[in-house]
Amino acid sequence: MPQHTPEIVIDLSMSLDGFIAGPNDGKKYPLGQRGGEHVFDWFFTGDKPYRGIEVFKVEGANKKAVDQMIDNAGAMIAGRRTYDITDGWNGSHPIKGLPLFILSHSVPRDIPKGDSKITFVTDGIESAVEQAKRAAGDKN
């Protein structure tokens, strides 16, 4: 079996015209008021939860892509806006055990308690990448 070489991977869903959410995204409309959810439709093509992740329901070629993404993920960097819109995933990101590094100018006062190890990085993207690489070990 070929050995996996850890990489930094940008993993997101984007429309052909470059959008990852519809207009006026925020807590009330996390993917925007109009159409943003369709960019993520491929996560919901199946009829049963994926690997116990209730929110994902993938099958076929979509399942293969998500398998690869999750199997190779060792850590994730997200922005503070994503963290805020998701209410910090209520402390438990859907991908269990994945260390999360939130790039932010400040640490929020109220951090939800949950299963995820969430680290706020306030000293820049380079620091976030280095911390995520250490946490990921031999994964992406």
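The structure presented is a predicted model; accordingly, all values stated were derived computationally and were not measured.

Student: Please clarify how the environment of lysine 48 should be interpreted in this entry.
Tutor: Within the secondary structure layout, lysine 48 lies in the segment before helix H1 (60–72). Sequence-distant contacts of lysine 48, defined by excluding residues within four places in its chain, comprise Phe56 and Lys57.

Student: Which parts of the structure should I look at to understand unusual backbone geometry?
Tutor: If a residue is not glycine, its phi is most likely negative; likewise, a peptide bond is most likely trans. A positive phi angle, near 50 degrees, is found at arginine 51, a position not held by glycine. A residue is classified by how much of its surface remains accessible, and arginine 51, at 46% relative accessible area, is partly exposed. A positive phi angle, close to 55 degrees, is found at asparagine 90, a residue other than glycine.

Student: Could you clarify how one ought to interpret the layout of surface pockets in this entry?
Tutor: Gaps left between atoms are located by rolling a probe of water-molecule size over the structure's atoms. There is about 1,900 Å³ of room inside the largest pocket. Taken together, 47 residues line the largest pocket, and the ones lying closest to its centre are Asp11, Leu12, Met76, Thr82 and His93. Mapped by element, the contributors of at least two residues to the lining of the largest pocket are H1, strand E1 (76–79), helix H2 (80–85) and helix H3 (125–136). For the lining of the largest pocket, a count of residues per class yields 29 nonpolar, 12 polar and six charged.

Student: Can you help me understand the sheet that holds E1 in this one?
Tutor: Pairing between sheet strands relies on hydrogen bonds along the backbone, with the strands arranged either parallel or antiparallel. The parallel open sheet is built from three strands, whose spatial order is E1-E2-E3. The open sheet has two edge strands with one neighbour each: E1 and strand E3 (118–121). Ignoring which end each strand starts from, the neighbouring axes of this sheet average 30 degrees apart. By the bridge criterion, four bridges tie strand E2 (residues 100–103) to E3 in an arrangement that is parallel. For leucine 103, the partnering residue across the bridge sits in E3 and is valine 121. Packing against the sheet, H3 makes contact with E1, E2 and E3, and its axis sits at approximately 180 degrees to E2.

Student: Looking at this structure, how should I read the pattern of salt bridges?
Tutor: As a working rule, side chains carrying opposite charge can pair if their charged atoms are close by. Summed over all chains, the structure comprises seven salt bridges. Salt-bridge contacts for arginine 51 lead to aspartate 67; the nearest nitrogen and oxygen are separated by 3.3 Å. Of the two residues, arginine 51 is situated in the segment before H1 and aspartate 67 in helix H1; the sequence distance between them amounts to 16 residues. Between lysine 133 and glutamate 130 there is a salt bridge, and its shortest N-O distance comes to 4.0 Å. Of the two residues, lysine 133 and glutamate 130 both sit in helix H3, three residues apart, roughly one turn of that helix. With a relative accessible area of 40%, glutamate 130 lands in the partly exposed category. Shared partners join several salt bridges into a network, and the residues in it are Arg51, Lys63, Asp67 and Asp71.

The rules we used
- Residues numbered from 1 in each chain as written.
- Predicted model: local features only at pLDDT ≥ 70, side-chain atom pairs only at ≥ 80, totals over all residues.
- Heavy atoms only, no water.
- Helix = DSSP H or I, 4+ residues; strand = E, 2+ residues; numbered from the N terminus.
- Contact = heavy atoms within 4.5 Å.
- Buried < 20%, exposed > 50% of the residue type's maximum accessible area, 1.4 Å probe, protein only.
- 1 Å grid on protein atoms, 1.4 Å probe; cavity = no way out; pocket = protein on both sides within 12 Å on 5 of 7 lines; lining within 4 Å.
- Points joined across faces, edges and corners; volume = space filled by probe spheres on them.
- Nonpolar A, V, L, I, M, F, W, Y, C, P; charged D, E, K, R; others polar.
- Pairing = 2+ DSSP bridges.
- Axes fitted to C-alpha atoms, helices over the stretch in contact; angles between N-to-C directions.
- Salt bridge = Lys/Arg side-chain N within 4 Å of Asp/Glu carboxyl O.

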